[in-house]
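These are the residues of each chain, in order.
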Amino acid sequence: VGHCHPDIVKAAHEQNQLLNTNSRYLHDNLVDYAERLSKTLPEKLCIFYFLNSGSEANDLALRLARQYTKHEDVIVLDHAYHGHLTSLIDISPYKFRNLEGQKEWVHVAPVPDTYRGLYKEDHENSATAYADEVKSIIEHAHERGRKIAAFFAESLPSVGGQIIPPAGYFQKVAEHVHKAGGVFIADEIQVGFGRVGKHFWAFQLQGEDFIPDIVTMGKPIGNGHPLACVATTKEIAEAFAATGIEYFNTFGGNPVSCAIGLAVLDVIEKEHLQAHATEVGNFLMKILKEQQIKHPIIGDVRGCGLFIGVDLIKDQAE
C-alpha cells in the first residue's frame, strides 16, 4: 500500500479520536472487518481471530491444529521461517539448526524447488514427487508412533529462496495430511494481500480446488500497524472453543487496528494494486531475464507478481 499512505493515516487518526479500547468491548469495526476479509477467501474459511503480529498468528494456528486433531507433530519445509516465538523457532529450520536443533515432534520436508531441489523442472511430475516425500515422512512418523497435527508452510516459501511450488503440490500434500488426521496451514504473512498479482492469496496459485484449513496473515494486513489474523473453519474453531479456554487478545482486533485493516483493503481495491503487482512484476521479470541471457552468474529468475527470486550461481552445469 505504501509508506504513510494518507488513507491509512486518516483512518487511524479518525478512529483514535473516537475510541480505542481493548477487545473486551464490542465494536462494529471488528465485525465489519471480518466480513470484508471473508469476501477475499473461500467460503469455508469463515472464522477469524485477530492478533497483533504474524508470530502470534502462527502460534495460534499451531494451537488450533493441535486442539482439533489431538495430535502433536508438525511437518514443515526445509529452510522455513515462521516467526520468533519459541513455538515457531521450533518449526523454523532456518533458525533451529543454529540453536537447539530439531525437536522430536518436528519433521522437515524438502522444499518443492524445481531449480535447485531434489526434483527439477525436467522431472515428469515434480508436484507428485515432492508430495510423495511428505507422504513418506508421515509413514515414518507413524512407524515411530507419532501423529501428525499439521503441515505448516508458506504458500510461497520466502526465506527458503523465493520458491514457486509446482501446481498441484499442495493438493497432493493436503490429501496425505488429511488422511493422517492432520490439517493444512497456509502461512500468507509475507505473500498475501495481492502481492502475487493475479490472486489475492498466494495459495490460490495452486488452483481453485485447493483450500487450506487454516490461513495466517500479518505484515501487509495493517500496512505497518500491528495487526494479524488467523482464518479457519467452523469445525476447527468449535473444537478450540470446546476446551472452555477462550482465545483472548487484549489489543488484537481493537477499533483502530480494524479501521486500518479496512482502509488497507480499500486502497488495494481503489488503486488496483493487484493489477499493479502483476504489471510491475512482469516488467521486472522481463528485464531480469534479459540480464540472465547476458550474465552466466544468473542461474534462475522466478516469481509471480511482486514475489521474485534471482538465483546466483557459480557454475551453470552444476
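These figures come from a predicted structure and were not determined experimentally.

Moving on to the domain arrangement of the protein. Along its sequence, the protein is organised into domain 1 (7–271) and domain 2 (276–312). Between domain 1 and domain 2, the C-alpha centre-to-centre distance is 26 Å. Taken residue by residue, the interface counts 16 residues in domain 1 and 14 residues in domain 2. Counting each side, the surface lost to burial between domain 1 and domain 2 is near 1,200 Å², with a carbon and sulfur contribution of 58%. Of all residues in domain 1, the largest losses of buried area upon contact with domain 2 belong to Tyr115, Gln162 and Arg195, amounting jointly to 45% of the total for that side. Linking domain 1 to domain 2 there are one salt bridge. Arg116 is paired through a salt bridge with Asp311; the nearest N and O atoms lie 2.7 Å apart. Put simply, domain 1 and domain 2 have nine residue pairs in polar contact (both at pLDDT 80 or more) between them. For the side of domain 1 that touches domain 2, the class distribution of residues is eight nonpolar, five polar and three charged.

Quick look at the sheet that holds strand β1 (residues 47–51) now. By way of backbone hydrogen bonds, the strands of a sheet pair with one another, either parallel or antiparallel. Taken in spatial order, the seven strands make up an open sheet running β1-β7-β6-β5-β4-β2-β3, and their pairing is mixed. Both outer strands of the open sheet, β1 and β3 (106–109), are each paired with one neighbouring strand and no more. Each strand axis lies, on average, 20° off the axis of its neighbour in the sheet, ignoring direction. Both strand β4 (residues 148–154) and strand β5 (residues 183–187) contribute to a ladder of five bridges, which runs parallel. In the strand pairing of β5, Ala153 is matched with Ala186. Running over the sheet, helix α2 (residues 28–38) touches β1, β6 (214–217) and β7 (228–232) and is turned about 120° from β1. Sitting on the sheet, helix α8 (residues 234–241) is in contact with β1, β5, β6 and β7, with an inclination near 60° to β1.

The rules behind each value
Residues numbered from 1 in each chain as written. Predicted model: local features only at pLDDT ≥ 70, side-chain atom pairs only at ≥ 80, totals over all residues. Heavy atoms only, no water. Domains from an automatic or database assignment. Contact = heavy atoms within 4.5 Å. Buried area = accessible area lost by both parts, 1.4 Å probe. Salt bridge = Lys/Arg side-chain N within 4 Å of Asp/Glu carboxyl O. Polar contact = N/O pair within 3.5 Å; in protein donor to acceptor, adjacent residues only side chain to side chain. Nonpolar A, V, L, I, M, F, W, Y, C, P; charged D, E, K, R; others polar. Pairing = 2+ DSSP bridges. Helix = DSSP H or I, 4+ residues; strand = E, 2+ residues; numbered from the N terminus. Axes fitted to C-alpha atoms, helices over the stretch in contact; angles between N-to-C directions.

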